[in-house]
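Results of the structural survey
Given next are the chains, with one letter for each unit.
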Amino acid sequence: MFISKIKIAFTLLITILAIDSYGQSNDFKVTLDAGHGDHDFGAVYSGRIEKNIALAIVLKVGKILEAQPKFDVIYTRKTDVFVDLVERANIANRANSHIFVSIHCNANRNTAADGTETYVMGMNKIASNLEAAKKENSVITLEKDYKRKYEGFDPNSPETMIGMTLMQEEYLENSISLASKVEEKFALLGKKLRHGGVKQAPFMVLHKAYMPRVLIETGFVSNPTEGDLLNSEEGQNDIAKAIADAIISYKLEFFGDGEVENVGEKPSQILKENTEKVNDAPVNDNKVGVKDAAAESIFKIQFLASQKKIALEPRNFKGLQNVSIVYEDNIYKYLYGETSDYEKAKNQLSEVKSKGYDSAFMIAFKNGKKISIQEATK
Ligand SMILES: [Zn+2]
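By the naming in an unreviewed UniProt entry, the protein goes by N-acetylmuramoyl-L-alanine amidase and is assigned to Flavobacterium gilvum. Under the UniProt heading Catalytic activity (unreviewed entry), the note attached to the protein is "Hydrolyzes the link between N-acetylmuramoyl residues and L-amino acid residues in certain cell-wall glycopeptides."

1. Observations concerning the overall build of the protein
Regarding its fold elements, the protein presents 14 helices and 13 strands. Burial analysis of the protein (378 residues in total) assigns 49% to the buried set. When contacts within the protein are restricted to residue pairs at least 6 apart in sequence, those whose partners lie at least 24 apart make up 77%. Element-wise, carbon and sulfur atoms account for 54% of the exposed surface of the protein, whose accessible area totals about 18,300 Å².

2. Focus: the sheet that holds strand E5 (residues 99-106)
The strands that make up a sheet pair up through hydrogen bonds in the backbone, lying either parallel or antiparallel. Pairing within the open sheet is mixed, and its six strands lie in the order E4-E1-E5-E8-E6-E7. What marks the edges here is a single partner per strand, and that holds for strand E4 (71-75) and strand E7 (195-201). The average angle at which neighbouring strand axes cross in this sheet is 25°, direction not considered. Lying over the sheet, helix H2 (residues 50-66) contacts strand E1 (28-34), E4, E5 and strand E8 (213-220), oriented at roughly 160° with respect to E4. Along the sheet, helix H10 (residues 233-255) makes contact with E1, E4, E5 and E8, crossing E1 at roughly 150°.

3. Here's the deal with the environment of Val260
Note on placement: Val260 falls in the loop between H10 and helix H11 (267-280). In sequence terms Val260 and Ser25 are 235 residues apart; their C-alpha atoms lie 8.6 Å from each other. Dropping the residues within four chain positions of it, Val260 is found in contact with Asn26, Asp27, Phe28, His98, Lys251 and Phe255.

4. Describing the coordination of the zinc ion
In this structure, His36 (NE2), Glu50 (OE), His104 (ND1), Glu136 (OE) and Glu136 (OE) serve as the protein donors to the zinc ion, at separations of 2.0 to 2.4 Å. Mapping the donors of the zinc ion onto the primary sequence gives the spacing H-x13-E-x53-H-x31-E. You can see His104 sitting in strand E5 and its partner Glu136 sitting in helix H4 (residues 129-137), a full 32 residues away along the chain. A residue is classified by how much of its surface remains accessible, and Glu136, at 5% relative accessible area, is buried.

5. Digging into the confidence of the model for the protein
For the protein, per-residue confidence averages 79 on the pLDDT scale, and residues scoring 70 or more make up 76% of the total. The element-level mean pLDDT for the protein is lowest in H11, coming to 33, with H2 highest at 98. Across residues 14-23, where pLDDT falls below 50, the model places 13 contacts with residues more than four positions away in sequence or in other chains. In this model residues 262-293 is a low-confidence stretch, pLDDT under 50, and it forms 42 contacts with partners more than four residues away in sequence or in other chains.

6. Some remarks on the nonpolar core
In this structure, Phe28, Leu32, Val61, Val101, Phe186, Ile243 and Ile247 are the most contacted members of the largest nonpolar core, which totals 42 residues. Within the residue set of this core, elements represented by two or more residues are E1, H2, E4, E5, helix H7 (172-187), E8 and H10. With nine residues, H10 is the largest single contributor of residues to this core. Residue contacts for Phe186: discarding those within four places in its chain leaves Thr116, Thr118, Leu193, His195, Ile216, Ile239, Ala242 and Ile243. Grouped together as the second largest cluster of nonpolar side chains are 22 residues, Tyr119, Met121, Ala201 and Leu215 included.

7. Side note on the packing of aromatic side chains
Per the counting criterion, the structure on display carries eight aromatic pairs. An aromatic cluster is present here, built from Phe28, Phe71, Tyr250, Phe254 and Phe255 joined pairwise through their rings. Here the guanidinium or amino end of Lys51 rests over the ring plane of Phe41, the centre of that ring lying 3.9 Å away.

8. Points about the packing of H7 against H10
Two elements in contact, H7 and H10, have axes separated by 8 Å at closest approach and are oriented at 140°. In terms of their interaxial angle, H7 and H10 are classed as oblique. In the packing of H7 onto H10, the handedness of the crossing is right-handed. Where H7 abuts H10, its residues Asn174, Ser177, Leu178, Lys181, Val182, Lys185 and Phe186 lie against Ile239, Ala242, Ile243, Asp245, Ala246, Ile247, Ser249, Tyr250, Glu253 and Phe254. Taken together, the residues of the contact of H7 with H10 break down into ten nonpolar, three polar and four charged.

9. Here we look at the pattern of salt bridges
Scanning the entire structure with this criterion turns up 13 salt bridges. Ionic pairing is found between Asp27 and Lys70, a salt bridge with its closest N-O pair at 4.0 Å. Taken together, the positions of Asp27 in the loop between helix H1 (2-23) and E1 and Lys70 in the loop between H2 and E4 put the pair 43 residues apart, joining distant regions of the chain.

10. Digging into the side chain of Thr116
Following the sequence through the fold, Thr116 ends up in strand E6 (residues 116-121). Excluding anything up to four places from it in sequence, Thr116 contacts Glu183, Phe186, Leu193, Arg194, His195, Gly196, Gly197, Glu217, Thr218 and Gly219.

11. Looking at the environment of Arg48
If you trace the backbone, Arg48 turns up in strand E3 (residues 48-49). Residue Arg48 is classed as buried on the basis of its relative accessible area, which comes to 6%. Measuring from C-alpha to C-alpha, the distance between Arg48 and Gly227 comes to 6.7 Å, with 179 residues separating the pair along the chain. Look past the residues within four positions of Arg48 in its chain and what remains in contact with it is Ala43, Ile53, Val221, Ser222, Asn223, Pro224, Gly227, Asp228 and Asn231.

12. Some words on the side chain of His104
The class for His104 is buried, based on a relative accessible area of 5%. At a separation of 3.2 Å, a polar atom in the side chain of His104 contacts the side chain of His36.

How each quantity is defined
Residues numbered from 1 in each chain as written. Predicted model: local features only at pLDDT ≥ 70, side-chain atom pairs only at ≥ 80, totals over all residues. Heavy atoms only, no water. UniProt positions renumbered as here; feature names shortened; annotations may be inferred. Helix = DSSP H or I, 4+ residues; strand = E, 2+ residues; numbered from the N terminus. Buried < 20%, exposed > 50% of the residue type's maximum accessible area, 1.4 Å probe, protein only. Contact = heavy atoms within 4.5 Å. Areas by Shrake-Rupley, 256 points an atom, 1.4 Å probe, with all protein chains shown as cover. Pairing = 2+ DSSP bridges. Axes fitted to C-alpha atoms, helices over the stretch in contact; angles between N-to-C directions. Donors = N, O, S within 2.8 Å, 3.2 Å for Na, K, Ca; no water. pLDDT = per-residue confidence, 0-100. Core = buried A, V, L, I, M, F, W, Y, C linked by side-chain atoms within 4.5 Å. Phe/Tyr/Trp six-rings, centres within 6.5 Å; stacked < 30°, edge-to-face > 60°. Lys NZ or Arg CZ within 6 Å of the ring centre and 35° of its normal. Parallel < 35°, antiparallel > 145°, perpendicular 65-115°, else oblique. Left-handed = near helix turned anticlockwise from the far one by under 90°. Nonpolar A, V, L, I, M, F, W, Y, C, P; charged D, E, K, R; others polar. Salt bridge = Lys/Arg side-chain N within 4 Å of Asp/Glu carboxyl O. Polar contact = N/O pair within 3.5 Å; in protein donor to acceptor, adjacent residues only side chain to side chain.

Right, dumping it as structure tokens:
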């Protein structure tokens, strides 16, 4: 019991410190993720090693951004270490990062394949996009308990990959904007590197990050010419400069050139504190459990997310009334309706979609905490 109290106090202290160091900062927070690491080499062709190239580029991007005013760079790794995919995303989530940028290299048995590709989370009808995602997701099989940890996710099954994308449309617009900027900057490199464009595929590392997020395949290590460029100091400098320029341009477009607007205490932080308290409660204190079971699940329809605040008037939402707003993960989310009846919520979802909000989806809460629809309908 005594130990539990220390643990709770310690958790609170950590939470307060975390809020203090991130929540109060008005800097634009960028989490850079160098793919792979340690025993996970990524793609390897003729001495061109993806994990090393990705890290070299990330460190160069970070150096450029750190020299900018009002930028705060967070790294998932700065050395040759293994970090699992969920932890990579969680580093960005805990930091309340504004964007998440994962950097990789592509590879193909056909050594003529070349060009960059910048991915946003989601499902594209072109099945070939699944190949890159399959390859990058397969790293989870290196983890002992991946089946339990990733809730039965099979990196080789298109079905489970599609399932992962169903509720993941909330940052799409901003993610596409960031991805387009990256590809535009790559295009400026001219003949050095063929820019491939923005694509959509279900990547686990993006799935778990709750913010605008992209995964950049900086080129093919399997292609002798492009691979050598990726493996060279000069090539890495060019690529890093392009990515950093894109990030700076994104910040400028959505947040201006000064400080990032800080809207008080963010609900996501409050949620985080609550969960940590519950998780650290002594196991024999079953009051928590009883209260949980008694509380009703509440369903709402999320139909819009925006980095700009929109006044809650029906005319701004195609006539929808009863719209509420939450500020979470650095973004305003607009919610319609509120009911504890799942069937009613389904009708509300159709209603919202019929207004033209095609990517609307249902979310659920219990005790003010977001839970999955599966949990809510149990
Ligand atoms: Zn990779």
